[in-house]
Amino acid sequence: MFSDKLKHIAHLQMKTEMVNQTDEVVALEDRYQLATYKKMPLVAERGQGVWIYSVDGEKYLDLYGGHAVAATGHSHPHVVAAIRAQTEKLLFYSNLVYSDVRARAAEKLVSIAPSQLSKAFFCNSGTEANENAMRMARMATGRENIITFAGGFHGRTADAISATFLGKYREIGKPNVPGHLKAEFGDIESVKSLADDTVAAIMLEPIQSMAGIRTAPPEFFKALRDLCDERGIALIYDEVQTGVGRTGEWFFAGSEAGAGVVPDIVTLAKALGSGVPVGACLVNEKISAHIKENDLGTTFGGGMVAMAAVVGTLEAIEQDKMLENVKRVEAHLRDRLAEVPAVVAVHGRGFLLGLEFTEKAAPIHQALLERKVITGTSSDARVLRLLPPLCLSEPDADLFVDNIKEICG
Ligand SMILES: Cc1ncc(COP(=O)(O)O)c(C=O)c1O
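Below, the structure is looked at part by part. (Residues numbered from 1 in each chain as written. Predicted model: local features only at pLDDT ≥ 70, side-chain atom pairs only at ≥ 80, totals over all residues. Heavy atoms only, no water.)

### Description of the site of the ligand
At step 1: Near the ligand, the surroundings consist of Ser125, Gly126, Thr127, Asn130, Phe153, His154, Gly155, Glu205, Asp238, Val240, Gln241 and Lys270.
At step 2: One of the backbone nitrogen or oxygen atoms of Gly126 is found 2.8 Å away from an oxygen atom of the ligand.
At step 3: Taking 390 Å² as the accessible area of the ligand by itself, protein coverage stands at 81%.
At step 4: Top element by residues in the shell around the ligand is helix H5 (residues 126-141). It accounts for 3 residues.
At step 5: Counted by class, the shell around the ligand contains 2 nonpolar, 7 polar and 3 charged residues. (Near = heavy atom within 4 Å. Polar contact = N/O pair within 3.5 Å; in protein donor to acceptor, adjacent residues only side chain to side chain. Areas by Shrake-Rupley, 256 points an atom, 1.4 Å probe, with all protein chains shown as cover. Helix = DSSP H or I, 4+ residues; strand = E, 2+ residues; numbered from the N terminus. Nonpolar A, V, L, I, M, F, W, Y, C, P; charged D, E, K, R; others polar.)

### Digging into the pairing of strand S2 (residues 51-54)
At step 1: Along S2, one buried face is formed by Trp51 and Tyr53 and the opposite face, lined by Ile52 and Ser54, is buried too.
At step 2: Here 4 bridges tie strand S1 (residues 44-48) to S2, and the two strands are oriented antiparallel to one another. Bridge pairing links Gln48 to Trp51 in S2.
At step 3: Linkage of S1 to S2, two consecutive antiparallel strands, is achieved through a turn of 2 residues, within which Gly49 is found at a positive phi near 60°.
At step 4: As judged from the 3 bridges shared by S2 and strand S3 (residues 59-62), these two strands associate in the antiparallel manner. (Buried < 20%, exposed > 50% of the residue type's maximum accessible area, 1.4 Å probe, protein only. Pairing = 2+ DSSP bridges.)

### A look at the sheet that holds S3
At step 1: Strands sit in the order S1-S2-S3-S13 across an open sheet of 4 strands; the sheet is mixed. Of all the strands in the sheet, just S1 and strand S13 (373-374) have a single pairing partner and so form its edges.
At step 2: Contacts from helix H14 (residues 394-408) reach S2, S3 and S13 within the one sheet, and its direction differs from that of S3 by about 100°. (Contact = heavy atoms within 4.5 Å. Axes fitted to C-alpha atoms, helices over the stretch in contact; angles between N-to-C directions.)

### Considering helix H11 (residues 304-319)
At step 1: Between the first and last C-alpha of H11 there are 22 Å, a value that for 16 residues agrees with the 22 Å anticipated at 1.5 Å per step.
At step 2: Summarising burial for H11: 13 of the 16 residues are buried, a large majority.
At step 3: In the segment just after H11, Lys321 is the residue with positive phi, at about 50°. (Expected span 1.5 Å × (residues − 1).)

Below is the structure:
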(Lines give C-alpha, C1' and ligand atoms only; values in the text may rest on other atoms or scores of the structure.)
Protein backbone atom coordinates (compact mmCIF):
# COMPACT_ATOMS: atom_id res chain seq x y z
CA MET A 1 0.00 0.00 0.00
CA PHE A 2 2.75 2.39 1.11
CA SER A 3 4.92 1.44 -1.88
CA ASP A 4 1.97 2.03 -4.26
CA LYS A 5 1.66 5.53 -2.87
CA LEU A 6 5.38 6.13 -3.34
CA LYS A 7 5.17 4.87 -6.92
CA HIS A 8 2.25 7.21 -7.57
CA ILE A 9 4.16 10.20 -6.16
CA ALA A 10 7.23 9.29 -8.24
CA HIS A 11 5.02 9.08 -11.34
CA LEU A 12 3.48 12.49 -10.64
CA GLN A 13 6.96 13.98 -10.14
CA MET A 14 8.14 12.52 -13.45
CA LYS A 15 5.05 13.90 -15.22
CA THR A 16 5.67 17.36 -13.74
CA GLU A 17 9.31 17.25 -14.88
CA MET A 18 8.19 16.28 -18.39
CA VAL A 19 5.69 19.15 -18.51
CA ASN A 20 8.41 21.50 -17.26
CA GLN A 21 10.68 20.22 -20.02
CA THR A 22 7.98 20.96 -22.62
CA ASP A 23 7.50 24.48 -21.27
CA GLU A 24 11.24 25.05 -21.21
CA VAL A 25 11.77 23.98 -24.82
CA VAL A 26 8.78 26.00 -26.04
CA ALA A 27 10.03 29.10 -24.20
CA LEU A 28 13.57 28.68 -25.57
CA GLU A 29 12.49 28.20 -29.20
CA ASP A 30 10.03 31.06 -29.01
CA ARG A 31 12.72 33.28 -27.56
CA TYR A 32 15.51 32.44 -30.03
CA GLN A 33 13.79 31.45 -33.27
CA LEU A 34 11.93 33.74 -35.66
CA ALA A 35 8.22 33.05 -35.31
CA THR A 36 7.66 32.05 -38.96
CA TYR A 37 5.54 28.96 -38.24
CA LYS A 38 2.36 28.42 -36.25
CA LYS A 39 3.58 25.46 -34.20
CA MET A 40 1.70 22.63 -32.57
CA PRO A 41 2.19 22.58 -28.78
CA LEU A 42 4.29 19.45 -29.06
CA VAL A 43 8.00 18.89 -28.43
CA ALA A 44 8.96 15.98 -30.68
CA GLU A 45 11.58 13.75 -29.09
CA ARG A 46 11.69 10.62 -31.20
CA GLY A 47 9.78 8.80 -33.90
CA GLN A 48 9.15 5.28 -35.05
CA GLY A 49 7.16 4.38 -38.16
CA VAL A 50 3.92 6.38 -38.12
CA TRP A 51 4.37 7.48 -34.50
CA ILE A 52 5.91 10.61 -33.00
CA TYR A 53 6.72 10.64 -29.28
CA SER A 54 6.82 13.91 -27.37
CA VAL A 55 9.05 14.77 -24.40
CA ASP A 56 6.03 14.65 -22.12
CA GLY A 57 5.60 10.97 -22.90
CA GLU A 58 2.66 11.27 -25.32
CA LYS A 59 2.37 9.31 -28.55
CA TYR A 60 0.97 10.89 -31.74
CA LEU A 61 -0.29 9.19 -34.90
CA ASP A 62 1.47 11.18 -37.62
CA LEU A 63 -0.62 11.59 -40.78
CA TYR A 64 1.37 14.62 -41.91
CA GLY A 65 4.96 13.31 -41.95
CA GLY A 66 6.55 16.69 -41.25
CA HIS A 67 5.35 18.24 -44.55
CA ALA A 68 5.29 14.91 -46.50
CA VAL A 69 8.93 14.16 -45.72
CA ALA A 70 8.76 11.01 -43.56
CA ALA A 71 7.72 8.68 -46.40
CA THR A 72 9.62 5.68 -45.08
CA GLY A 73 8.24 6.31 -41.58
CA HIS A 74 10.17 7.96 -38.79
CA SER A 75 13.72 6.72 -38.33
CA HIS A 76 13.35 3.66 -40.56
CA PRO A 77 16.11 1.25 -39.42
CA HIS A 78 17.40 0.64 -42.96
CA VAL A 79 17.65 4.37 -43.68
CA VAL A 80 19.27 5.06 -40.30
CA ALA A 81 21.81 2.27 -40.89
CA ALA A 82 22.67 3.61 -44.37
CA ILE A 83 23.20 7.13 -43.01
CA ARG A 84 25.15 5.93 -39.97
CA ALA A 85 27.48 3.77 -42.07
CA GLN A 86 28.22 6.71 -44.37
CA THR A 87 28.87 9.15 -41.50
CA GLU A 88 31.61 6.84 -40.25
CA LYS A 89 33.33 6.84 -43.68
CA LEU A 90 33.04 10.38 -45.07
CA LEU A 91 30.55 13.13 -44.25
CA PHE A 92 31.09 15.23 -47.32
CA TYR A 93 33.01 15.99 -50.40
CA SER A 94 31.66 18.05 -53.28
CA ASN A 95 31.03 17.08 -56.91
CA LEU A 96 34.69 17.73 -57.69
CA VAL A 97 35.35 14.11 -56.79
CA TYR A 98 33.57 10.88 -57.73
CA SER A 99 31.77 8.97 -54.99
CA ASP A 100 30.52 5.41 -54.78
CA VAL A 101 27.40 6.34 -52.81
CA ARG A 102 26.55 9.23 -55.18
CA ALA A 103 26.96 6.91 -58.16
CA ARG A 104 24.60 4.38 -56.55
CA ALA A 105 22.03 7.05 -55.61
CA ALA A 106 21.94 8.42 -59.17
CA GLU A 107 21.74 4.92 -60.68
CA LYS A 108 18.95 3.84 -58.34
CA LEU A 109 16.91 7.01 -58.90
CA VAL A 110 17.21 6.83 -62.69
CA SER A 111 16.41 3.09 -62.64
CA ILE A 112 13.01 3.61 -60.97
CA ALA A 113 12.09 6.61 -63.16
CA PRO A 114 10.43 6.41 -66.59
CA SER A 115 13.18 5.39 -69.04
CA GLN A 116 13.27 8.77 -70.83
CA LEU A 117 14.49 10.46 -67.63
CA SER A 118 18.06 9.34 -67.89
CA LYS A 119 20.12 11.79 -65.83
CA ALA A 120 19.96 13.27 -62.32
CA PHE A 121 21.11 16.56 -60.85
CA PHE A 122 21.27 16.69 -57.04
CA CYS A 123 20.59 19.74 -54.90
CA ASN A 124 19.22 20.36 -51.43
CA SER A 125 15.53 21.27 -51.46
CA GLY A 126 12.36 21.46 -53.51
CA THR A 127 12.63 25.14 -54.29
CA GLU A 128 16.20 24.68 -55.50
CA ALA A 129 15.18 21.75 -57.70
CA ASN A 130 12.50 23.95 -59.29
CA GLU A 131 14.89 26.89 -59.79
CA ASN A 132 17.31 24.56 -61.59
CA ALA A 133 14.53 22.96 -63.64
CA MET A 134 13.38 26.35 -64.92
CA ARG A 135 16.96 27.37 -65.63
CA MET A 136 17.58 24.17 -67.62
CA ALA A 137 14.38 24.73 -69.63
CA ARG A 138 15.54 28.26 -70.47
CA MET A 139 18.98 26.98 -71.49
CA ALA A 140 17.52 24.20 -73.63
CA THR A 141 14.96 26.38 -75.44
CA GLY A 142 16.71 29.76 -75.55
CA ARG A 143 13.43 31.27 -74.29
CA GLU A 144 12.58 32.94 -70.98
CA ASN A 145 8.91 32.77 -70.01
CA ILE A 146 7.45 30.10 -67.74
CA ILE A 147 3.78 29.10 -67.49
CA THR A 148 2.56 27.83 -64.12
CA PHE A 149 -0.90 27.42 -62.65
CA ALA A 150 -3.26 29.13 -60.24
CA GLY A 151 -3.11 27.11 -57.01
CA GLY A 152 0.36 25.67 -57.64
CA PHE A 153 3.14 25.97 -55.04
CA HIS A 154 6.78 25.72 -56.10
CA GLY A 155 8.88 27.09 -53.22
CA ARG A 156 10.11 30.29 -51.65
CA THR A 157 13.29 31.32 -53.49
CA ALA A 158 12.99 34.17 -56.02
CA ASP A 159 12.13 32.33 -59.25
CA ALA A 160 10.10 29.56 -57.57
CA ILE A 161 7.99 31.97 -55.52
CA SER A 162 7.38 34.04 -58.67
CA ALA A 163 6.06 30.83 -60.26
CA THR A 164 3.69 30.30 -57.31
CA PHE A 165 0.20 31.63 -57.93
CA LEU A 166 -1.21 30.67 -54.56
CA GLY A 167 -2.32 32.94 -51.74
CA LYS A 168 0.12 35.63 -50.65
CA TYR A 169 3.34 33.92 -51.78
CA ARG A 170 4.10 36.05 -54.85
CA GLU A 171 3.37 39.12 -52.73
CA ILE A 172 5.92 38.16 -50.03
CA GLY A 173 8.43 37.29 -52.77
CA LYS A 174 8.40 40.78 -54.35
CA PRO A 175 10.05 42.03 -56.47
CA ASN A 176 9.07 39.02 -58.59
CA VAL A 177 11.21 37.53 -61.33
CA PRO A 178 9.68 38.68 -64.64
CA GLY A 179 8.29 36.30 -67.26
CA HIS A 180 5.93 34.21 -65.12
CA LEU A 181 2.54 33.57 -66.68
CA LYS A 182 -0.53 32.14 -64.94
CA ALA A 183 -2.84 29.51 -66.46
CA GLU A 184 -5.83 27.69 -64.94
CA PHE A 185 -5.18 24.16 -63.66
CA GLY A 186 -7.08 21.58 -65.72
CA ASP A 187 -8.00 24.11 -68.43
CA ILE A 188 -5.93 23.46 -71.56
CA GLU A 189 -7.39 26.44 -73.43
CA SER A 190 -6.01 28.81 -70.80
CA VAL A 191 -2.56 27.28 -71.39
CA LYS A 192 -2.82 27.41 -75.19
CA SER A 193 -3.59 31.12 -75.13
CA LEU A 194 -0.27 31.79 -73.34
CA ALA A 195 1.97 29.17 -74.98
CA ASP A 196 3.70 31.22 -77.67
CA ASP A 197 7.32 31.13 -78.83
CA THR A 198 8.53 33.08 -75.80
CA VAL A 199 7.67 30.21 -73.47
CA ALA A 200 10.49 27.98 -72.24
CA ALA A 201 8.49 25.72 -69.92
CA ILE A 202 5.16 24.75 -68.51
CA MET A 203 5.62 23.70 -64.90
CA LEU A 204 2.99 22.15 -62.65
CA GLU A 205 2.31 20.12 -59.55
CA PRO A 206 0.44 17.20 -61.15
CA ILE A 207 -1.65 17.07 -57.97
CA GLN A 208 -1.88 20.52 -56.38
CA SER A 209 -1.26 19.82 -52.73
CA MET A 210 -1.30 23.07 -50.78
CA ALA A 211 -4.28 24.33 -52.80
CA GLY A 212 -6.33 21.52 -51.21
CA ILE A 213 -5.36 18.39 -53.20
CA ARG A 214 -6.68 19.45 -56.59
CA THR A 215 -6.45 16.92 -59.42
CA ALA A 216 -6.89 17.12 -63.19
CA PRO A 217 -8.11 14.39 -65.58
CA PRO A 218 -5.57 12.30 -67.57
CA GLU A 219 -6.55 14.08 -70.80
CA PHE A 220 -5.22 17.34 -69.40
CA PHE A 221 -1.73 15.88 -69.05
CA LYS A 222 -1.89 14.36 -72.52
CA ALA A 223 -2.96 17.73 -73.96
CA LEU A 224 -0.10 19.47 -72.14
CA ARG A 225 2.43 17.00 -73.56
CA ASP A 226 1.06 17.45 -77.09
CA LEU A 227 1.11 21.23 -76.75
CA CYS A 228 4.70 21.23 -75.48
CA ASP A 229 5.83 18.94 -78.33
CA GLU A 230 4.05 21.06 -80.93
CA ARG A 231 5.43 24.40 -79.66
CA GLY A 232 8.93 23.35 -78.53
CA ILE A 233 8.23 23.95 -74.83
CA ALA A 234 9.72 21.92 -71.97
CA LEU A 235 7.25 20.20 -69.64
CA ILE A 236 8.24 20.16 -65.96
CA TYR A 237 6.45 18.17 -63.26
CA ASP A 238 7.08 19.45 -59.76
CA GLU A 239 6.91 16.09 -57.98
CA VAL A 240 8.28 17.42 -54.71
CA GLN A 241 5.14 16.02 -53.06
CA THR A 242 3.88 13.40 -55.51
CA GLY A 243 7.30 11.80 -56.10
CA VAL A 244 9.05 8.87 -54.45
CA GLY A 245 5.98 6.71 -53.91
CA ARG A 246 3.41 9.01 -52.34
CA THR A 247 0.73 8.30 -54.95
CA GLY A 248 1.33 4.54 -54.83
CA GLU A 249 3.58 4.83 -57.92
CA TRP A 250 7.21 5.89 -57.79
CA PHE A 251 6.29 9.02 -59.76
CA PHE A 252 3.21 10.69 -61.22
CA ALA A 253 5.29 10.91 -64.43
CA GLY A 254 4.46 7.90 -66.58
CA SER A 255 1.48 6.89 -64.41
CA GLU A 256 -1.98 5.99 -65.64
CA ALA A 257 -3.49 8.91 -63.73
CA GLY A 258 -1.41 11.17 -65.97
CA ALA A 259 -2.18 9.28 -69.23
CA GLY A 260 1.33 7.80 -69.16
CA VAL A 261 2.81 11.22 -69.98
CA VAL A 262 6.50 11.65 -69.22
CA PRO A 263 7.64 15.28 -68.82
CA ASP A 264 11.07 16.57 -69.84
CA ILE A 265 12.04 17.31 -66.24
CA VAL A 266 10.81 15.95 -62.88
CA THR A 267 11.76 17.73 -59.66
CA LEU A 268 11.97 15.92 -56.32
CA ALA A 269 12.75 16.65 -52.67
CA LYS A 270 10.85 16.01 -49.40
CA ALA A 271 10.60 12.19 -49.19
CA LEU A 272 13.76 11.57 -51.19
CA GLY A 273 16.08 11.57 -48.15
CA SER A 274 13.60 10.56 -45.42
CA GLY A 275 14.42 13.84 -43.65
CA VAL A 276 18.01 14.48 -44.68
CA PRO A 277 17.75 17.56 -46.93
CA VAL A 278 18.09 16.57 -50.59
CA GLY A 279 16.49 17.62 -53.85
CA ALA A 280 16.90 16.38 -57.40
CA CYS A 281 16.01 17.07 -61.02
CA LEU A 282 15.56 14.13 -63.38
CA VAL A 283 15.91 15.10 -67.02
CA ASN A 284 15.61 13.56 -70.47
CA GLU A 285 18.22 13.73 -73.24
CA LYS A 286 16.54 16.69 -74.92
CA ILE A 287 17.41 18.70 -71.82
CA SER A 288 20.70 17.08 -70.76
CA ALA A 289 22.20 17.68 -74.23
CA HIS A 290 22.16 21.43 -73.48
CA ILE A 291 23.69 21.34 -69.98
CA LYS A 292 27.42 21.90 -69.86
CA GLU A 293 30.11 22.14 -67.22
CA ASN A 294 29.45 24.91 -64.68
CA ASP A 295 25.91 25.61 -65.96
CA LEU A 296 24.46 24.38 -62.65
CA GLY A 297 25.98 23.81 -59.26
CA THR A 298 25.56 23.84 -55.51
CA THR A 299 28.14 23.10 -52.83
CA PHE A 300 26.12 20.56 -50.87
CA GLY A 301 24.27 18.86 -53.74
CA GLY A 302 25.26 15.21 -54.04
CA GLY A 303 26.96 15.17 -50.62
CA MET A 304 27.67 11.69 -49.29
CA VAL A 305 25.35 11.65 -46.29
CA ALA A 306 22.42 12.91 -48.36
CA MET A 307 23.19 10.32 -51.04
CA ALA A 308 23.27 7.53 -48.44
CA ALA A 309 19.85 8.74 -47.28
CA VAL A 310 18.56 8.56 -50.88
CA VAL A 311 19.84 5.00 -51.37
CA GLY A 312 18.49 3.94 -47.97
CA THR A 313 15.11 5.55 -48.65
CA LEU A 314 14.58 4.00 -52.09
CA GLU A 315 15.71 0.58 -50.86
CA ALA A 316 13.44 0.74 -47.79
CA ILE A 317 10.41 1.62 -49.95
CA GLU A 318 11.22 -1.32 -52.21
CA GLN A 319 12.08 -3.86 -49.49
CA ASP A 320 8.97 -3.10 -47.42
CA LYS A 321 6.73 -3.07 -50.53
CA MET A 322 5.44 0.35 -49.57
CA LEU A 323 3.95 1.18 -52.99
CA GLU A 324 1.63 -1.82 -52.71
CA ASN A 325 0.87 -0.81 -49.12
CA VAL A 326 -0.11 2.71 -50.20
CA LYS A 327 -2.60 1.38 -52.76
CA ARG A 328 -4.12 -1.17 -50.37
CA VAL A 329 -4.44 1.17 -47.38
CA GLU A 330 -5.74 4.02 -49.56
CA ALA A 331 -8.59 1.78 -50.73
CA HIS A 332 -9.33 0.78 -47.13
CA LEU A 333 -9.24 4.38 -45.94
CA ARG A 334 -11.61 5.48 -48.70
CA ASP A 335 -14.05 2.66 -47.79
CA ARG A 336 -13.97 3.63 -44.14
CA LEU A 337 -14.32 7.37 -44.86
CA ALA A 338 -17.48 6.61 -46.83
CA GLU A 339 -19.02 5.89 -43.39
CA VAL A 340 -18.52 9.54 -42.36
CA PRO A 341 -21.30 11.82 -43.70
CA ALA A 342 -19.31 14.97 -42.78
CA VAL A 343 -16.66 13.98 -45.36
CA VAL A 344 -18.25 14.95 -48.67
CA ALA A 345 -15.31 14.01 -50.92
CA VAL A 346 -11.85 12.45 -50.77
CA HIS A 347 -9.50 14.07 -53.29
CA GLY A 348 -6.09 12.92 -54.48
CA ARG A 349 -4.27 9.63 -54.87
CA GLY A 350 -2.42 7.23 -52.62
CA PHE A 351 -1.24 8.96 -49.48
CA LEU A 352 -1.70 12.47 -50.85
CA LEU A 353 -5.31 12.88 -49.83
CA GLY A 354 -7.63 15.82 -49.23
CA LEU A 355 -10.72 15.21 -47.12
CA GLU A 356 -13.38 17.75 -48.01
CA PHE A 357 -15.74 18.50 -45.14
CA THR A 358 -19.15 20.18 -45.11
CA GLU A 359 -17.67 22.75 -42.69
CA LYS A 360 -14.29 24.35 -42.04
CA ALA A 361 -11.51 21.79 -41.47
CA ALA A 362 -9.44 23.82 -38.95
CA PRO A 363 -11.53 22.87 -35.89
CA ILE A 364 -11.38 19.20 -36.95
CA HIS A 365 -7.61 19.47 -37.37
CA GLN A 366 -7.42 20.92 -33.84
CA ALA A 367 -9.76 18.29 -32.35
CA LEU A 368 -7.66 15.53 -33.94
CA LEU A 369 -4.50 17.05 -32.46
CA GLU A 370 -6.10 17.03 -29.01
CA ARG A 371 -6.70 13.30 -29.62
CA LYS A 372 -3.03 12.90 -30.56
CA VAL A 373 -3.52 12.63 -34.33
CA ILE A 374 -1.47 14.97 -36.55
CA THR A 375 -2.98 16.03 -39.88
CA GLY A 376 -2.54 19.04 -42.17
CA THR A 377 -4.74 21.89 -43.30
CA SER A 378 -4.59 23.48 -46.76
CA SER A 379 -5.39 26.78 -48.42
CA ASP A 380 -8.90 25.42 -49.05
CA ALA A 381 -10.60 26.02 -45.69
CA ARG A 382 -12.79 22.89 -45.98
CA VAL A 383 -9.99 20.48 -46.90
CA LEU A 384 -7.93 18.52 -44.39
CA ARG A 385 -4.74 17.02 -45.85
CA LEU A 386 -3.26 13.60 -45.13
CA LEU A 387 0.39 13.00 -46.10
CA PRO A 388 1.27 10.03 -43.89
CA PRO A 389 4.32 7.78 -44.03
CA LEU A 390 3.96 5.15 -46.75
CA CYS A 391 3.97 2.42 -44.08
CA LEU A 392 0.62 3.49 -42.58
CA SER A 393 -1.37 0.31 -41.90
CA GLU A 394 -5.09 -0.51 -42.00
CA PRO A 395 -5.40 -0.43 -38.17
CA ASP A 396 -3.70 3.01 -38.17
CA ALA A 397 -6.21 4.19 -40.78
CA ASP A 398 -9.06 2.75 -38.65
CA LEU A 399 -7.81 4.65 -35.61
CA PHE A 400 -7.91 7.87 -37.64
CA VAL A 401 -11.42 7.23 -38.99
CA ASP A 402 -12.74 6.28 -35.53
CA ASN A 403 -11.48 9.60 -34.21
CA ILE A 404 -13.01 11.53 -37.12
CA LYS A 405 -16.34 9.77 -36.53
CA GLU A 406 -16.34 10.69 -32.85
CA ILE A 407 -15.41 14.30 -33.62
CA CYS A 408 -17.99 14.75 -36.37
CA GLY A 409 -20.73 12.91 -34.44
C1 LIG B 1 4.99 20.99 -54.61
C2 LIG B 1 6.09 21.68 -53.89
N3 LIG B 1 7.11 22.19 -54.59
C4 LIG B 1 8.15 22.79 -54.00
C5 LIG B 1 8.20 22.92 -52.63
C6 LIG B 1 9.38 23.60 -51.99
O7 LIG B 1 10.16 22.65 -51.35
P8 LIG B 1 11.23 23.08 -50.23
O9 LIG B 1 10.44 23.55 -49.05
O10 LIG B 1 12.01 21.83 -49.98
O11 LIG B 1 12.05 24.17 -50.82
C12 LIG B 1 7.17 22.41 -51.84
C13 LIG B 1 7.20 22.56 -50.37
O14 LIG B 1 6.22 22.44 -49.69
C15 LIG B 1 6.08 21.77 -52.49
O16 LIG B 1 5.07 21.26 -51.79
